Amino acid sequence: MEIGLNHYLVLSTILFTIGLVGVMRRKNLLLLFFATEILLNSVNIAFAAISHYYGDLTGQMFAFFVIAIAASEVAVGLGLLIVWFKRHGNINLDTMSSMRG
Amino acid sequence: MFEAIAFYLFAFLTIAMFYITVTTSQALYALTALAAGMIFISAFFFILGADFLGAVQIIVYTGAVMAIYAFGMMFFDTTRDVKEKQGNKFIIVGLSTFAAILVVLIFAVPMISTNMTAFYPVVEAAGNTQNVGMVLFTKYLIPFEVAAVMLLVAMVAGIVLAGKKMDLSLTLMSGDEVEEMKKNQDKRIIS
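Here goes a summary of the coordinates provided.

### Here's the deal with the overall build of chain A
Stage number 1. Check the secondary structure of chain A and you find 3 helices and 0 strands.
Stage number 2. Mapped in sequence order, the helices and strands of chain A form the string α-α-α.
Stage number 3. Its C-alpha atoms give chain A a radius of gyration of 17 Å, clearly above 13 Å, the size a compact globule of 101 residues would have.
Stage number 4. For chain A, the spread of C-alpha atoms along the principal axes amounts to about 55 × 25 × 20 Å.
Stage number 5. Put simply, 61% of the contacts in chain A that link residues at least 6 apart link residues at least 24 apart.
Stage number 6. Looking at chain A as shown, the accessible area adds up to about 3,900 Å², and 68% of this sits on carbon and sulfur atoms.
Stage number 7. In chain A, 6 positive and 5 negative side-chain charges are present, and the distance between their average locations comes to 23 Å.

Below is the structure:
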């Protein structure tokens, strides 16, 4: 059985769904970050598959930039999270309501 | 044949690992499952012939990002069980599936309906790493430099945010100094 582009796109959709479920149901901000990593990785799979099946390298380039953005996002996000934890003692999403929205 | 076996095996493993990541109530399980899932994802890149991307995935994600997360988890109280939002599960799963399919359709339909031609086609004589280098350092040189500056800014931001009071070392201070620091901490306004 031949594995085609559709297989990879379906897999990417499934992983993206898992990531979105994680984003919606997590309250802990650290685990929310994990879910966003899943989202970025599922998109990377789709980029690499399209790049392979169309014989074009642009998809791989964008996957590289997505990885770079993910790395910098982790650095800044975790720094902010540490500052928040030092001040409030927890990283629960529901307690971040200082703007009274 | 082997490609199909490898694809289904790694697809199952990746989905299982990421499912554990989003459903477990222990942060350490989530971290290790996520690291394993990243490794399994690099297998797809190797199957697809993107060797350099697979190596970068292993080095950057499981080497750097997971190490930063493990380092950051030392600051947080991770032994406590994580509480979940109590919402309607069917609505959450249904909305997520709908959104994911929508995103894939938005990007995939224009590609399938029109005859797409390769902007930067793969040179058959060169390997994958050489191809990546040729395209990255000619067509994508400016985005590459901008990404480098962005990583530098992120590094400085991470140091400034997380490194506050890291010049103070509790092991090198005398007992009186530690006591004084504790008093000052109590006086600090917690906002």
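### A closer look at the interface of chain A and chain B
Stage number 1. Listed by partner, the interface residues are 68 residues for chain A and 82 residues for chain B.
Stage number 2. For the pair chain A and chain B, the summed buried surface comes to about 7,100 Å²; carbon and sulfur atoms form 75% of the total.
Stage number 3. Mapped onto the side of chain A that touches chain B, the elements with two or more residues apiece are helix 1 (5-25), helix 2 (29-53) and helix 3 (58-88) of chain A.
Stage number 4. The leading source of residues in the side of chain A that touches chain B is helix 3 of chain A, at 26 residues.

### Quick look at the nonpolar core
Stage number 1. Within the largest apolar cluster, 64 residues are counted, with the highest numbers of intra-cluster contacts made by Tyr8, Leu30, Phe34, Ile45 and Leu81 of chain A together with Leu53 and Tyr69 of chain B.
Stage number 2. With sequence-adjacent residues up to four places away left out, isoleucine 45 of chain A is seen in contact with Tyr8, Leu11 and Leu15 of chain A together with Ile41, Phe44, Phe45 and Leu48 of chain B.

### With respect to the packing of helix 2 of chain A against helix 2 (residues 27-47) of chain B
Stage number 1. With their axes 11 Å apart at the nearest point, helix 2 of chain A and helix 2 of chain B run at an angle of 5° to one another. Put simply, helix 2 of chain A runs roughly parallel to helix 2 of chain B. The segment helix 2 of chain A lies against helix 2 of chain B, with Leu31, Phe34, Glu37, Ile38, Asn41, Asn44, Ile45 and Ala48 of chain A engaging Ala27, Ala30, Leu31, Leu34, Met38, Ile41, Phe44 and Phe45 of chain B.
Stage number 2. In terms of residue class, the contact of helix 2 of chain A with helix 2 of chain B is built from 13 nonpolar, 2 polar and 1 charged.

### Some details on a negative patch on the surface
Residues and elements named next belong to chain B.
Stage number 1. The grouping of Asp176, Glu177, Glu179 and Glu180 at the surface amounts to a negative patch.
Stage number 2. By the element assignment, glutamate 177 lies in helix 7 (residues 175-187).
Stage number 3. A relative accessible area of 43% places glutamate 177 in the partly exposed class.

### Some details on helix 2 of chain A
Since one α-helical turn is 3.6 residues long, residues separated by three or four positions face the same way.
Residues and elements named next belong to chain A.
Stage number 1. End to end, helix 2 covers 37 Å across 25 residues, agreeing with the expected 36 Å (1.5 Å per residue, within 8%).
Stage number 2. Burial within helix 2 is extensive, with 19 of its 25 residues counted as buried.
Stage number 3. Capping the start of helix 2 is the job of one residue whose side-chain oxygen sits 3.0 Å from the backbone nitrogen of leucine 30: asparagine 28.
Stage number 4. Glycine 55, located one to two residues past helix 2, shows a positive phi value of around 65°.

### Observations concerning the environment of methionine 96 of chain A
Residue and element names in this part refer to chain A.
Stage number 1. Here methionine 96 lies in the segment after helix 3.
Stage number 2. The spatial distance from the C-alpha of methionine 96 to the C-alpha of tryptophan 84 is 9.5 Å, given a sequence separation of 12 residues.
Stage number 3. Apart from the residues lying within four places of it in its own chain, the contact partners of methionine 96 are Leu29 and Trp84.

Conventions used here
- Residues numbered from 1 in each chain as written.
- Chains lettered and ligands numbered in written order.
- Predicted model: local features only at pLDDT ≥ 70, side-chain atom pairs only at ≥ 80, totals over all residues.
- Heavy atoms only, no water.
- Helix = DSSP H or I, 4+ residues; strand = E, 2+ residues; numbered from the N terminus.
- Rg over C-alpha atoms; globule rule 2.2 N^0.38 Å.
- Contact = heavy atoms within 4.5 Å.
- Areas by Shrake-Rupley, 256 points an atom, 1.4 Å probe, with all protein chains shown as cover.
- Lys, Arg positive; Asp, Glu negative; His and termini not counted.
- Charge placed at Lys NZ, Arg CZ, Asp CG, Glu CD.
- Buried area = accessible area lost by both parts, 1.4 Å probe.
- Core = buried A, V, L, I, M, F, W, Y, C linked by side-chain atoms within 4.5 Å.
- Buried < 20%, exposed > 50% of the residue type's maximum accessible area, 1.4 Å probe, protein only.
- Axes fitted to C-alpha atoms, helices over the stretch in contact; angles between N-to-C directions.
- Parallel < 35°, antiparallel > 145°, perpendicular 65-115°, else oblique.
- Nonpolar A, V, L, I, M, F, W, Y, C, P; charged D, E, K, R; others polar.
- Patch = residues over 30% accessible without salt bridge, like charges linked within 9 Å, V, L, I, M, F, W, Y side chains within 5 Å.
- Salt bridge = Lys/Arg side-chain N within 4 Å of Asp/Glu carboxyl O.
- Expected span 1.5 Å × (residues − 1).
- Polar contact = N/O pair within 3.5 Å; in protein donor to acceptor, adjacent residues only side chain to side chain.

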